[in-house]
Amino acid sequence: MLVRSGFVSGQIMVVIVTAEGEFPSERSFVNALTSRFPEIKSIVHNVSVDELELTLGEKSRTLYGNGFIEERLCGLDFRISPRSFYQVNPVQTEILYAKAKELALLGEEGKIGRLIDAYCGTGTIGLTMADSCESVIGVELNGDAVCDAEKNAELNGVGDRLGFLVGNVLYSDFMEDLGSFDCILSNPPYIETKQIPLLDEELAFEPEAALDGGDDGLDFYRVIIGEYGKYLTEGGIMLLEIGCDQAKDISSIASSAGMRCEIFKDYGGNDRVAVIK
């Protein structure tokens, strides 16, 4: 069972994961659970064919509510569905996003111009930056997350400035059709593959593709820094969230690509944001 909760909204979604499509006595279960916990806004039944892994399957059915919860982050409203990755530490996230926005502001009028969010999830950081950008494009492998991102853009009245597409950030071919950007921003998967089974249960249920950064956790950084730099405008920058122990490796990758890297720390004093030019 997976429980998602809104830190600000207080809304709760319960996802029941089974190996079979049938859920006996589901109505009695829903009635008992919602009577005991009225803060539950949605209950979803998910069918996972992988009995050995803590993963959500492709098929979901809403038993109660709308099949999602809503949360507030950086003054914006976000819709979160069962299979979409969402930041689990909103307090830290707001600090990081504010810093990213401060670092990204370019030009005489404090506008970023064109921004691409490579691995956008439900669109949280792209929406946060939207008021300082001419346009934002979000790229995400998870189709459910892209649907949430599109709805979140509409919900916050910025759908005209944001576009989202399903794509694999590890392959940069799609960038050829998008042109150049003033800012390339990404919070890519950076957990080592061997660490995935050791994660807390809350994170273990997240889509593995949103967590797995390869054998050393650096696969996405090698591609983004090495291949996406040619799509930056003159004076443009990359803003990358990194793992707390990856600063040296990220700096080395940037140097090999002929770029400069500066590391900024998060609220807890850990290395967290790499600014690459």
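As a reminder, the structure under discussion sits directly above these lines.
Residues numbered from 1 in each chain as written. Predicted model: local features only at pLDDT ≥ 70, side-chain atom pairs only at ≥ 80, totals over all residues. Heavy atoms only, no water.

### Topic: the overall build of the protein chain
Then, in step 1: Scanning the protein chain from terminus to terminus reveals seven helices and 13 strands.
Then, in step 2: Taking all 277 residues of the protein chain together, 51% fall into the buried category.
Then, in step 3: Partitioning the intrachain contacts of the protein chain with sequence separation of at least 6 by distance along the chain shows that 65% fall at a separation of at least 24.
Then, in step 4: In the structure as shown, the protein chain presents an accessible area of about 13,500 Å², 48% of it carried by carbon and sulfur atoms. (Helix = DSSP H or I, 4+ residues; strand = E, 2+ residues; numbered from the N terminus. Buried < 20%, exposed > 50% of the residue type's maximum accessible area, 1.4 Å probe, protein only. Contact = heavy atoms within 4.5 Å. Areas by Shrake-Rupley, 256 points an atom, 1.4 Å probe, with all protein chains shown as cover.)

### So, the sheet that holds strand S2 (residues 12-18)
Then, in step 1: The strand order across the open sheet formed by four strands is S1-S2-S3-S4, and the pairing between neighbours is mixed. Both edges of this open sheet fall to strand S1 (2-5) and strand S4 (59-64), since each of them pairs with a single strand only. Sheet twist, expressed as the mean angle between neighbouring strand axes with direction ignored, is 25 degrees.
Then, in step 2: With five bridges joining them, strand S3 (residues 40-47) and S4 adopt antiparallel strand pairing. Counterpart to Val47 in the pairing with S4 is Lys59.
Then, in step 3: Packed onto the sheet, helix H1 (residues 26-36) meets S2, S3 and S4 and runs at close to 60 degrees relative to S4. (Pairing = 2+ DSSP bridges. Axes fitted to C-alpha atoms, helices over the stretch in contact; angles between N-to-C directions.)

### A short note on the environment of Ile137
Then, in step 1: Tracing the backbone through its elements, the reader meets Ile137 in strand S8 (residues 135-140).
Then, in step 2: Sequence spacing of Ile137 and Gly123 is 14 residues, and the spatial spacing of their C-alpha atoms is 9.5 Å.
Then, in step 3: Beyond its immediate sequence surroundings of up to four residues, Ile137 is in contact with Arg114, Leu115, Ile116, Asp117, Gly163, Leu165, Leu178 and Phe181.

### Describing the pairing of strand S6 (residues 76-80)
Then, in step 1: In S6, alternate side chains face the same way, and those of Leu76, Phe78 and Ile80 are buried while those of Asp77 and Arg79 on the opposite face are not.
Then, in step 2: Strand direction decides the pairing type here: strand S5 (residues 69-73) and S6, joined by five bridges, are antiparallel. Directly across from Glu70, in S6, lies its bridge partner Arg79.

### A word on the pattern of salt bridges
Then, in step 1: With the rule as written, the count across this model stands at eight salt bridges.
Then, in step 2: With a shortest N-O distance of 3.5 Å, Arg222 and Asp219 are connected by a salt bridge. Of this pair, Arg222 and Asp219 both sit in helix H6 (residues 219-227), separated by three residues, roughly a single helical turn.
Then, in step 3: The partly exposed category is assigned to Arg222, whose relative accessible area is 39%.
Then, in step 4: The exposure class of Asp219 is partly exposed, given its relative accessible area of 32%.
Then, in step 5: Across the salt bridge formed by Arg272 and Asp266, the nearest N and O atoms sit 3.1 Å from each other. (Salt bridge = Lys/Arg side-chain N within 4 Å of Asp/Glu carboxyl O.)

### Considering H6
Then, in step 1: Taken together, the buried positions of H6 are occupied by Phe220, Tyr221, Val223, Ile224 and Ile225.
Then, in step 2: At its buried positions, H6 is contacted by strand S10 (181-186), strand S11 (232-241), helix H7 (247-256) and strand S13 (271-276).

### Topic: the nonpolar core
Then, in step 1: Ile116, Ile225, Tyr228, Met238 and Ile276 are the most contacted members of the largest nonpolar core, which has 30 residues in total.
Then, in step 2: Among the elements of the structure, strand S7 (114-118), S8, S10, H6, S11, H7 and S13 are those that each provide at least two residues to this core.
Then, in step 3: Ranked by the residues each element gives to this core, the list is headed by H6, at five residues.
Then, in step 4: When residues no more than four places from it in sequence are discounted, the contact partners of Ile276 are Ile225, Ile237, Met238, Leu240, Ile250, Ala254, Met259, Arg260 and Cys261.
Then, in step 5: Listed in part, the 29 residues of the second largest apolar core include Leu73, Leu103, Ile112 and Phe264. (Core = buried A, V, L, I, M, F, W, Y, C linked by side-chain atoms within 4.5 Å.)

### Brief notes about the packing of H6 against H7
Then, in step 1: As a packed pair, H6 and H7 sit with axes 9 Å apart at the nearest point and diverge in direction by 30 degrees. One finds that H6 runs roughly parallel with respect to H7. Between H6 and H7 lies a crossing whose hand is right-handed. Across the interface between the two elements, Tyr221, Arg222 and Ile225 from H6 touch Ile250, Ile253 and Ala254 from H7.
Then, in step 2: Of the residues that constitute the contact of H6 with H7, the class distribution is five nonpolar, no polar and one charged. (Parallel < 35°, antiparallel > 145°, perpendicular 65-115°, else oblique. Left-handed = near helix turned anticlockwise from the far one by under 90°. Nonpolar A, V, L, I, M, F, W, Y, C, P; charged D, E, K, R; others polar.)

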